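The chain contents come next:
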Amino acid sequence: MRGVRRLGVVCLLATILSYVECQNEYLFLSNGTDILRLLPGGTSSVVISSQYIGRAVGLAIDRDNGLLFWSDVSASKRGIYKADLNGDNIRKIVDNDVYEVNGLTVDWAANNLYWTDERTRRIEVADYDGGKRRTLISTGLQFPRGIVAEPKNGYLFWNDQGTKKIERSKLDGTSRTVLVGSGLYWPNQMTVQYSGGTEKLFWVDGWNKTIQSCSLDGSNLNQAVSDLTSVSDGNPLFGLAVYKNNIYTSIWNNGKIVTGSTKTVVYSGIGSDKMFSLAAVDTTLPDLGMNNQCHKMSTGCSHLCLPTGATTSRCSCPTFGGLTLSSDSKTCRKLSKILLYALADAGEVGYADTAVLQSATGLLDRYLVARSNRPVAVAYDPLQQMVYWSDVYDRAIYRAKLDGSQREVFLNSSQSIGIVDGLAVDISQGRLYFSNMGFVTVNNVAYSWQRIEMIRLDKSERKIIVADVEKPRALWVDQANKYLYYSDWGTTARVMRSKLDGSGAIEIKTGLKNPNSILVDGADIYVVDARAKDSSVNGSVLKGNKDGSSLNDLSAIQLQTPFGMAKDGKYLVVSDWGSSSIKSLNTDTGAVTEVISGLGKPMGLLVTDVQNSVQSGVPCQGVTNDCTDICVVQPSSSTASCTCSSYDVEVLKTDRKTCAAPQNFVLFADMNAIKLVSLDQNTNRDPQTIIQGNSYFANFAALVYNKQTQTMYFSDVNRRIIFQAKLDGSDLRTFYSPNHTIDGMTLGNGRLYWTDYFSGKIASVNLNGADMKEHVTGLHKPRAIAVTQTYIFWTEWGNNTRVAKAPLSGGALVILLQGNLKWPNSLKVDENNNKLYVADGYSKKVYTSDLNGVGRQELPGFNSNAQHLYDINIQDNSLFFSDWTDREIAKVDLSSRSKDVLATTLMRPTQMVVQYTVPPATTPMKVPTTTATAVDTTPPVFTFCPSNMRVVTKETSMTVYWQQPTAKDDRGNVHLDSNLAPGETFLAGSTTQVMYTARDEAGNSAPCRFSVEVVKITTGCDDLPVPLNGNFRCQKSGDNTTCVLGCTNPRFIDTSKYSDKYICANSAKWSPPVTNNALPDVCLLPQPPQEIGYNFVMKLRGSCTNTVPFKSKVVAELIKHLQNMPACFAKLGNSDIKLCYEDQISVNCTNTSGRKRRAVEEFLANLNLVATLQTHNNPSLHADYARLVEFIQNISHSLNDFTVTVDNVDFTTANVSAAPVPAQLRCMDTQANVGGYCVSCPAGTIKDNVLKRCVQCNANQYQDEEGKTSCKNCPPKSTSPKGAFLQSQCIAEVTTAPPEASIGMIVGIIVGVIAVIVIVIVVVVIIRRRKPDMSEDQVDYANPAYEEIPADKLGLKTPEGPYTQLDLNLGSKGDEGYASLHLGRKE
């Protein structure tokens, strides 16, 4: 029975009978290996032995019920346990989703157990059996440690070693407040003393070696109740217990327990030195009796009863379980309709009763489906009661039952999943629609994919339905009318509508900024536009007709950066990043309530019935449809169409019903997949994925196909393995593991031949995987390969770029082609016609010669059909090629020069195989002569176009200069026309569009548009200069005007020279002062360096042994982990990355955070990456650098997942940080190092190789190009201001003849001078007589000379200036995506 003090009764009986000593007054101790009972006189006994314990830390006691609770943080026995006080009846009550429980406490009145978990950063509560469990606090915690429940007044107290605070809430987790926010460092165990009717909170601070206390409201703070430095031997304090008027504390590492008042050692040498928690069996605890509602069980709660005060309580339901509190506020029940939501920052996928949408108090308790790293989109299948959600950190789609059970990965990165922002379920067809975009980074090369896909809920029939989308996000399935709505938040942000198979797409709404969510309700469509691309405008919800017309703002709901949206009748629900809340709008009354607030970024929303049924008789249901693969209902709902999976060899045949393998096709490697496109007549050309590798780790390059056995062989250059599989993807297995980086392969003579890019070898093996031979060695970066019965042909990328051959039987190599080759990617041999074909990716040309290299000529006109050639294949009179830049497979008719794109929106197509059945050629292929003229239809490309400009003036107009746009054309000269030129005068208050047009000689044109906005401000200061590649935003407040300077992305402010904020106050001068009439070098463009180093710092959890063997094992495991990524031996274009050498990885067993307790619990591993970029003649340099940044992000992701066991000790990653190493940064000769970044000196400046920085051009000079080392002189008899960036800023000198001086003028001047001298003398005399005394520490700033003297020369303290930082963001950043490189100014 509850409330019966069993131990007190037992003690009383024992005392009366006088045959045993009353032993209900003692301490319990957890020392890691055992739980001990400490008896008076310094003796002890083991209650729970190491047989049942891995590492016991937390400890709590319920004396009334005779129960002992403890936590175990070891990997093998992790969990929370309970037993009788004598050690009997050991039970594990919490065994999942607990990791490092350091603090335990009980509410002995309500029979609830509370704990802190440092790893999950949560505070939770459960009943004594652990089955009814609820999360109380999950935000604002870093390293929660000590915790104590105080049932008499209904309080819960806890401390945090990360935030260094002590906080308090009610026992239900509400009314959270900070009690102590300073003077703490390592707060550990806490307890409450009940003495004389007054309660007091005590805790130990392990670092300060003190016992501290305060009243329950935080008053009467005493941070030196007892200083135990003298008895701690320099070790931290951990445990704390109060019994009557005695305070006991345990000292870590020296095995002592001392009294706080007398500093007397009462226990020592009792087992392990690792003294953790203490708990006292205290007879002074108050008897709450009839006062506590939960104690009396009078509340009628079906699950948890949580006190909210001394005499009040409320019922609650478990966090997981699919239940919510019913309207009677007592019973937990299942729901018929729910609001699903995702909280990205909190890492929660939750649900709520839709009744909360009309509640004035919002959501009191959050109920969860799952915890996830960073959930975004949510969807629901009411037939199976399955919740689907995406996690953009894990790059995965998950699903689970509403009660949290049956959780599984639905799709992940091994199935080509990237960032999924949108999910939608088509209930009638049993399909999930999802957006899918990301960056594939392998071997430091990054390529993107963007698409929308559909898949059956049984994971079959997966198909890419939309590929021509830039940044897909929101999805909505119109169940009634069978349409799919989706949004694209790319350059042309818009909302689209298509059929359910993606066909027939039309624009519904354009002119948006960030369309994050779509919802269709009857005849209405709702669109969330966050407008994050324009920081001056808040986001909103638009409502209009389903065709996109009459879309208007719903102004009743005030939003900042909205993301998700849902609707339940008249209630519209929106998640808002800016206010960190989910809001509900009553569309009838306009009333707005907050459903959830204060939990970071809320994401996807959905209102749905928990259970539903499907209408019968809909086409495609059952097995009665005529489609052999995928059946899709058309908008009429009475008809259907057939299509085929995108992840299968089969394509739709001419009957439009049957899916079968094509007879003619192109098979090719595409980064992380092997794909096929059909060449059969009247079949679609959507690429079919035959083999799908891991999105982020696979890198398939070389590919060959054996038609006789229908077997393909392909290489993974990261894993250095050759795989084989059948054409339909079956029988996939490792064929051979040569540990070579294989870029090229070919079949011949019953063998498989390949090139090894790094070792410079050509090798082969039999098709049974035996008899490996090395044919040629000592090459420099060989790539393409071909063989005949007598020769091997190959290309080399290295120092001596060339095409060569060597006899198979052995002998000297023969150079066939050399010179005017840079990237010889492909090589084909036509032995019948004695022809050799070589494709050069850099020049985009194909060269031909005979097989001895004689008669070399260019295949004319072809370079206009490709941007970056990789592989070519000759069939009949057609040339097939793969193109990296355009991401396509195409075919060119060599007679007509017509181009036919076979597959597009690929990632990075490399080697390919063409199986094309055509009549055999009877004559050699005719190569077109150079006299043929191809029609130029390609427009010029602007290489620089200014961004929109905003300038400020106090005048009625202003003259504005800008940097001239530049353009190029692949065939010759480009002519630029414009409606306005730099130096034009613009009226204040106007916004003018400036348009440049680039035209080539064929008449093709391309536009460049930007605006010039002139803002008039009322101020006494001079006009601010125009910042090149930047803007000012000004705001007036009272008499002050503040202008903030910003740069166009990705430029950043050179904070060593300029401020980002200028203020005009009463002095009528800008502060800080601005003297230039132009700011050419304020906004700098970061450029890829020649060499850069990054340092990764890993904090590892686990006991570190400071020995060489132990550290070597950890280093070896880290290298193995990186090799599996793979991050070792990576290459970046022509450059290598150095990462996985032992001298680059170190293990440091010293203190990681200044906290001695963690000196052996957490330690550091440092990894140093060095990357050298090929900067000379490398057109993909910027892309290579972007890939390097993405590569670094992926390493950080991978290291966060590092888990290993060394010497039976578990190690996991606590956190990973990455930062550039300034000493390892090396810039190009034309670049300057500014704030740790290499920058090209902007127009108006040059690189000074003596000062090693950018300096402005002097007056009478200008420089209209970036990255130069000398300025240009203005034309004769013209002048320019300092820092001129245009020749038009050189203004012709104006000279005037001096007027003849008259006698009258001379006399007037003399008289005036004499008068001025007299006035000055008088003023000086007066000032000398009236000047007050000044103390020594006063400085007279009236003298304008001080404006020219630096503050440090005046004896004033110069504040630390701003610095520039590199921010590698792996989470959501604004609305521009989830992984970004941010260059900015940080105060």
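Keep in mind the model is a prediction, meaning the values are calculated, not measured.

**Re the overall build of the protein**
Each helix and strand counted, the protein has six helices and 113 strands in total. Counting all 1387 residues of the protein, 54% fall into the buried class. Considering only residue pairs separated by 6 or more positions, the protein has 50% of its internal contacts joining residues 24 or more positions apart. Only carbon and sulfur atoms are counted for the fraction: they give 48% of the accessible area of the protein, which is about 58200 Å².

**Quick look at the state of the cysteines**
Applying the stated criterion across every chain, the model contains 14 disulfides. Across the disulfide from cysteine 945 sits cysteine 1008; the S-S distance is 2.0 Å. Here the disulfide of cysteine 945 and cysteine 1008 is right-handed, its torsion about the S-S bond being about 90°. One end of the pair, cysteine 945, is in the loop between strand E81 (941–944) and strand E82 (949–953); the other, cysteine 1008, is in strand E88 (residues 1005–1016), and 63 residues separate them in sequence. Residue cysteine 1257 pairs covalently with cysteine 1271 via a disulfide, S to S 2.1 Å. Here the disulfide of cysteine 1257 and cysteine 1271 is left-handed, its torsion about the S-S bond being about -95°. One end of the pair, cysteine 1257, is in the loop between strand E107 (1253–1256) and strand E108 (1261–1262); the other, cysteine 1271, is in the loop between E108 and strand E109 (1272–1273), with 14 residues separating them in the sequence. The pair formed by cysteine 1257 and cysteine 1271 is uniform in burial state, with each residue classed as buried.

**Some details on the pairing of strand E25 (residues 304–307)**
With burial as the criterion, each face of E25 is covered, one bearing Leu304 and Leu306 and the other bearing Cys305 and Pro307. As defined by bridge partners, E25 adjoins strand E26 (residues 313–316) across four bridges and the pair is classed as antiparallel. Paired with proline 307 across the two strands is serine 313, which belongs to E26.

**Here we look at the packing of aromatic side chains**
Two descriptors summarise a pair of aromatic rings, namely the distance from one centre to the other and the angle between the planes of the rings. Per the stated rule, a full pass over the model turns up 28 aromatic pairs. Centre to centre, the rings of tyrosine 791 and phenylalanine 793 are 6.2 Å apart; their planes meet at 55°, and the pair counts as tilted. The class of tyrosine 791 is partly exposed, set by a relative accessible area of 27%. Members of the aromatic cluster, joined through ring pairs, are Trp962, Phe986, Tyr996 and Phe1010. One residue, arginine 134, lies across the ring of tyrosine 367, its end atom 4.8 Å from the ring centre. The ring of tyrosine 791 carries lysine 805 above its face, with NZ or CZ at 4.2 Å from the centroid.

**Looking at the side chain of serine 678**
Here serine 678 is to be found in strand E58 (residues 673–678). Accessibility expressed as a relative area gives 1% for serine 678, which makes it buried. At 3.1 Å, the side chain of serine 678 forms a polar contact with the backbone nitrogen of aspartate 680. Side-chain polar atoms of serine 678 contact the side chain of threonine 683, separated by 2.9 Å. Beyond its immediate stretch of four places on either side in the chain, serine 678 contacts Val651, Pro662, Asn664, Phe665, Thr683, Asn684 and Arg685.

**A look at the nonpolar core**
Ranked by size, the top nonpolar core spans 39 residues in total, and within it Met1098, Leu1118, Leu1169, Leu1188 and Leu1199 carry the most contacts. For this core, the secondary structure elements donating two or more residues are strand E97 (1091–1101), helix H4 (1108–1124), strand E100 (1145–1148), strand E101 (1162–1172), helix H5 (1181–1200), strand E102 (1203–1206) and strand E103 (1209–1220). No other element matches H5, which puts seven residues into this core. If you look at the next biggest cluster of nonpolar residues, it comprises 31 residues, including Leu323, Ala342, Trp389 and Tyr398.

**Structural notes on the sheet that holds strand E49 (residues 571–576)**
Across the sheet, four strands lie side by side as E48-E49-E50-E51; this open sheet has antiparallel pairing. Whereas interior strands pair on both sides, the edge strands pair on one side only; in this sheet they are strand E48 (562–568) and strand E51 (592–597). Sheet twist, expressed as the average angle between the axes of neighbouring strands with direction ignored, equals 20°. Both strand E50 (residues 581–586) and E51 contribute to a ladder of five bridges, which runs antiparallel. Bridge pairing links lysine 583 to glutamate 594 in E51.

**Here's the deal with the sheet that holds strand E64 (residues 742–748)**
With respect to topology, four strands assemble into an open sheet ordered E64-E65-E66-E67, the strand pairing being antiparallel. Strands with a single pairing partner mark the edges of an open sheet, and in this sheet they are E64 and strand E67 (773–776). Across the sheet, the axes of successive neighbouring strands diverge by a mean angle of 25°, strand direction being ignored. Both strand E65 (residues 751–756) and strand E66 (residues 761–766) contribute to a ladder of six bridges, which runs antiparallel. Along E66, the bridge assignment pairs tryptophan 754 with alanine 763.

**A word on the pairing of strand E11 (residues 133–137)**
Counted residue by residue, E11 has five buried out of five residues, so it is predominantly covered. The turn joining strand E10 (residues 122–127) and E11, which pair antiparallel and follow one another in sequence, is formed by five residues; a positive phi near 80° is taken by glycine 130.

**Describing the side chain of threonine 1245**
Take threonine 1245: it is sitting in strand E106 (residues 1245–1248). Of the polar contacts made by the side chain of threonine 1245, one reaches the backbone oxygen of proline 1242; its length is 2.6 Å. Filtering out sequence-adjacent residues up to four positions away, threonine 1245 remains in contact with Pro1080, Asp1081, Cys1254, Val1255, Gln1256, Cys1257 and Gln1263.

**Overview of the environment of aspartate 127**
The residue aspartate 127 is located in strand E10 in this model. Residue classification places aspartate 127 among the buried positions, given a relative accessible area of 15%. The residues touching aspartate 127, leaving out its near neighbours within four places in the chain, are Asn111, Asn112, Lys132 and Leu304. Among the polar contacts listed, one links the side chain of aspartate 127 to the backbone nitrogen of glycine 130, at a separation of 2.9 Å.

**Describing the environment of valine 537**
Structurally, the position occupied by valine 537 is in the loop between strand E45 (524–529) and strand E46 (540–545). Residues valine 537 and glutamine 560, spaced 23 residues apart in sequence, show a C-alpha to C-alpha distance of 8.3 Å.

**Overview of unusual backbone geometry**
Residue serine 1071 is joined to proline 1072 through a cis peptide bond whose omega torsion reads 0°. Among the structural elements, proline 1072 can be located in the loop between strand E94 (1070–1071) and strand E95 (1078–1079). A positive phi angle, close to 60°, is found at lysine 263, a residue other than glycine. Mapped onto the elements of the fold, lysine 263 is located in the loop between strand E22 (256–259) and strand E23 (265–268). One non-glycine residue with positive phi stands out, namely serine 580, at about 50°. According to the relative accessible area criterion, serine 580 is partly exposed, its value standing at 22%.

Calculation criteria
Residues numbered from 1 in each chain as written. Predicted model: local features only at pLDDT ≥ 70, side-chain atom pairs only at ≥ 80, totals over all residues. Heavy atoms only, no water. Helix = DSSP H or I, 4+ residues; strand = E, 2+ residues; numbered from the N terminus. Buried < 20%, exposed > 50% of the residue type's maximum accessible area, 1.4 Å probe, protein only. Contact = heavy atoms within 4.5 Å. Areas by Shrake-Rupley, 256 points an atom, 1.4 Å probe, with all protein chains shown as cover. Disulfide = S-S within 2.5 Å. Pairing = 2+ DSSP bridges. Phe/Tyr/Trp six-rings, centres within 6.5 Å; stacked < 30°, edge-to-face > 60°. Lys NZ or Arg CZ within 6 Å of the ring centre and 35° of its normal. Polar contact = N/O pair within 3.5 Å; in protein donor to acceptor, adjacent residues only side chain to side chain. Core = buried A, V, L, I, M, F, W, Y, C linked by side-chain atoms within 4.5 Å. Axes fitted to C-alpha atoms, helices over the stretch in contact; angles between N-to-C directions.

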